Amino acid sequence: MGMGSEQLGFEGFASAEPTDRLFFAVMPDPRAAEAIAQTADRSRRMHAISAAPLRTDRFHVTLIHIGDFAGLPRGVVADTLRVGEDTAAPPFEVTFDRAASFSGAAQRKPFVLQGGEGLDDLRAFRRSLWDRLIRAGVKPLSRIEFNPHVTLLYHPASIAGQPVEPVRWTVDELLLIHSELGRTKYNVLGRWPLIAGR
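This write-up is about the structure you can find in this document.

**A short note on the nonpolar core**
So, step 1. F24, V61, L63, I66, L113, L122 and W169 are the most contacted members of the largest nonpolar core, which totals 47 residues.
So, step 2. Setting aside chain neighbours within four positions, we find L63 in contact with F24, A25, V26, L122, F125, R126, L129, F146 and L174.

Structure, rendered in structure tokens:
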């Protein structure tokens, strides 16, 4: 089943406005999440940013944005769950060592953590996930190009790229997340451990 599958709307009817987002992600462990929060606080002080950082439980790297929907499509959820279940990879380390603004709406530019070679294994993992999604018949909203990042906060000013104290963690699971748009609520629909030796 693909993107045209039946949606889980209210009493079978889906509104035109998207209410639900579906994406694959990896998340930092609690120690790394705290380090990310500290990086956000240091950056706020350095650049006199008044905007609050995201909560530590919302720090993540979006690997593939499947789509935004008015009600979750049953077929897309089933297809993406099967792709997650087929994941066979060992854990790997990621390192984020730069911070910069992304372009965005005038009052809502993402200020993010980025990295270089320390994210090569993440890029390879994501490419494998992308290829398996395409073979499963799911056409993601994301593009094949991938710029891995962790959003720290949103701020209207553009802040040039700068080095930061490296934040590292070992990615040991893949998550499929349902975000309830406008409610800042994440529901984990699938969680698959990465196992050494695979």
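Still more ground to cover, so stick around.
**Focus: the packing of aromatic side chains**
So, step 1. Tallied over the entire structure, the rule returns four aromatic pairs.
So, step 2. For the pair F24 and W192, a centre-to-centre distance of 6.2 Å together with 55° between the ring planes defines the contact as tilted. On the criterion of sequence distance, the pair formed by F24 in strand β2 (residues 20-26) and W192 in strand β10 (residues 185-193) is long-range, its members being 168 residues apart.
So, step 3. By relative accessible area, W192 is classed as buried at 12%.
So, step 4. Judged by centre distance (5.4 Å) and plane angle (45°), the rings of F92 and F125 are tilted. You can see F92 sitting in strand β5 (residues 92-101) and its partner F125 sitting in helix α3 (residues 120-135), a full 33 residues away along the chain. There is no split in this pair, since F92 and F125 are both buried.
So, step 5. Across from the ring centre of Y186, 4.2 Å away, lies the NZ or CZ of R58, which sits over that ring.

**Overview of helix α2 (residues 74-85)**
So, step 1. Compared with an ideal rise of 1.5 Å per residue, which puts twelve residues at 16 Å, α2 spans 16 Å between its outermost C-alpha atoms and is within 8% of the ideal.
So, step 2. If you check which residues of α2 are buried, you get G75, V76, V77, D79, T80, V83 and G84.
So, step 3. Residues of α2 that are buried sit in contact with β2, β3 (61-69), β4 (72-73), α3, β9 (173-180) and β10.

**Observations regarding the sheet that holds β2**
So, step 1. Taken in spatial order, the four strands make up an open sheet running β3-β2-β9-β10, and their pairing is antiparallel. Here the strands that pair on one side only, and so sit at the sheet edges, are β3 and β10. Direction aside, the axes of adjacent strands within the sheet are offset by 20° on average.
So, step 2. Where β9 meets β10, eight bridges bridge the pair, whose relative direction is antiparallel. Counterpart to L176 in the pairing with β10 is G190.
So, step 3. Contacts from α2 reach β2, β3, β9 and β10 within the one sheet, and its direction differs from that of β10 by about 40°.
So, step 4. In this fold α3 packs onto β2, β3 and β9, with an angle of close to 30° to the strand it touches most, β3.

**Looking at the pattern of salt bridges**
Side chains that differ in sign of charge can pair as their charged atoms come close.
So, step 1. Within this structure, the stated rule accounts for nine salt bridges.
So, step 2. One salt bridge in this structure joins D68 and R21, with 2.7 Å as the shortest N-O distance. One end of the pair, D68, is in strand β3; the other, R21, is in strand β2, with 47 residues separating them in the sequence.
So, step 3. Classification of R21 by relative accessible area gives partly exposed; the value is 30%.

**Regarding the sheet that holds strand β6 (residues 109-114)**
Sheet strands pair by backbone hydrogen bonding; their relative direction is either parallel or antiparallel.
So, step 1. The four strands lie next to each other as β7-β6-β5-β8, forming an open sheet whose pairing is antiparallel. Every other strand in the sheet has two partners, leaving β7 (150-155) and β8 (162-171) as the edge strands with one partner each. Looking at each pair of strands side by side, their axes are set apart by 30° on average, direction ignored.
So, step 2. With four bridges joining them, β5 and β6 adopt antiparallel strand pairing. Looking at the pairing, A100 lines up with V112 of β6.
So, step 3. Set on the sheet, helix α1 (residues 30-47) makes contact with β6, β7 and β8; between it and β8 the angle comes to about 165°.

**Quick word on α1**
So, step 1. Between its first and last C-alpha atoms α1 spans 26 Å; for 18 residues at 1.5 Å apiece the expected length is 26 Å, and the two agree.
So, step 2. All of the buried residues in α1 are A32, A33, I36, A37, T39, A40 and S43. Along the long axis of α1, the arc covered by the buried residues comes to 155°, so they all point the same way. Along α1, the residues that are exposed and aim more than 90 degrees away from the buried face are P30, R31, R45 and M46.
So, step 3. In the core, the buried residues of α1 are packed alongside β6, β7 and β8.
So, step 4. You can read the cap of α1 off the contacts: a side-chain oxygen lies 3.2 Å from the backbone nitrogen of R31, and it is on D29.
So, step 5. Immediately downstream of α1, the backbone of A48 shows phi near 50°, a positive value.

What counts, and at which threshold
- Residues numbered from 1 in each chain as written.
- Predicted model: local features only at pLDDT ≥ 70, side-chain atom pairs only at ≥ 80, totals over all residues.
- Heavy atoms only, no water.
- Core = buried A, V, L, I, M, F, W, Y, C linked by side-chain atoms within 4.5 Å.
- Buried < 20%, exposed > 50% of the residue type's maximum accessible area, 1.4 Å probe, protein only.
- Contact = heavy atoms within 4.5 Å.
- Phe/Tyr/Trp six-rings, centres within 6.5 Å; stacked < 30°, edge-to-face > 60°.
- Helix = DSSP H or I, 4+ residues; strand = E, 2+ residues; numbered from the N terminus.
- Lys NZ or Arg CZ within 6 Å of the ring centre and 35° of its normal.
- Expected span 1.5 Å × (residues − 1).
- Pairing = 2+ DSSP bridges.
- Axes fitted to C-alpha atoms, helices over the stretch in contact; angles between N-to-C directions.
- Salt bridge = Lys/Arg side-chain N within 4 Å of Asp/Glu carboxyl O.
- Arc of directions from axis to C-beta.
- Polar contact = N/O pair within 3.5 Å; in protein donor to acceptor, adjacent residues only side chain to side chain.

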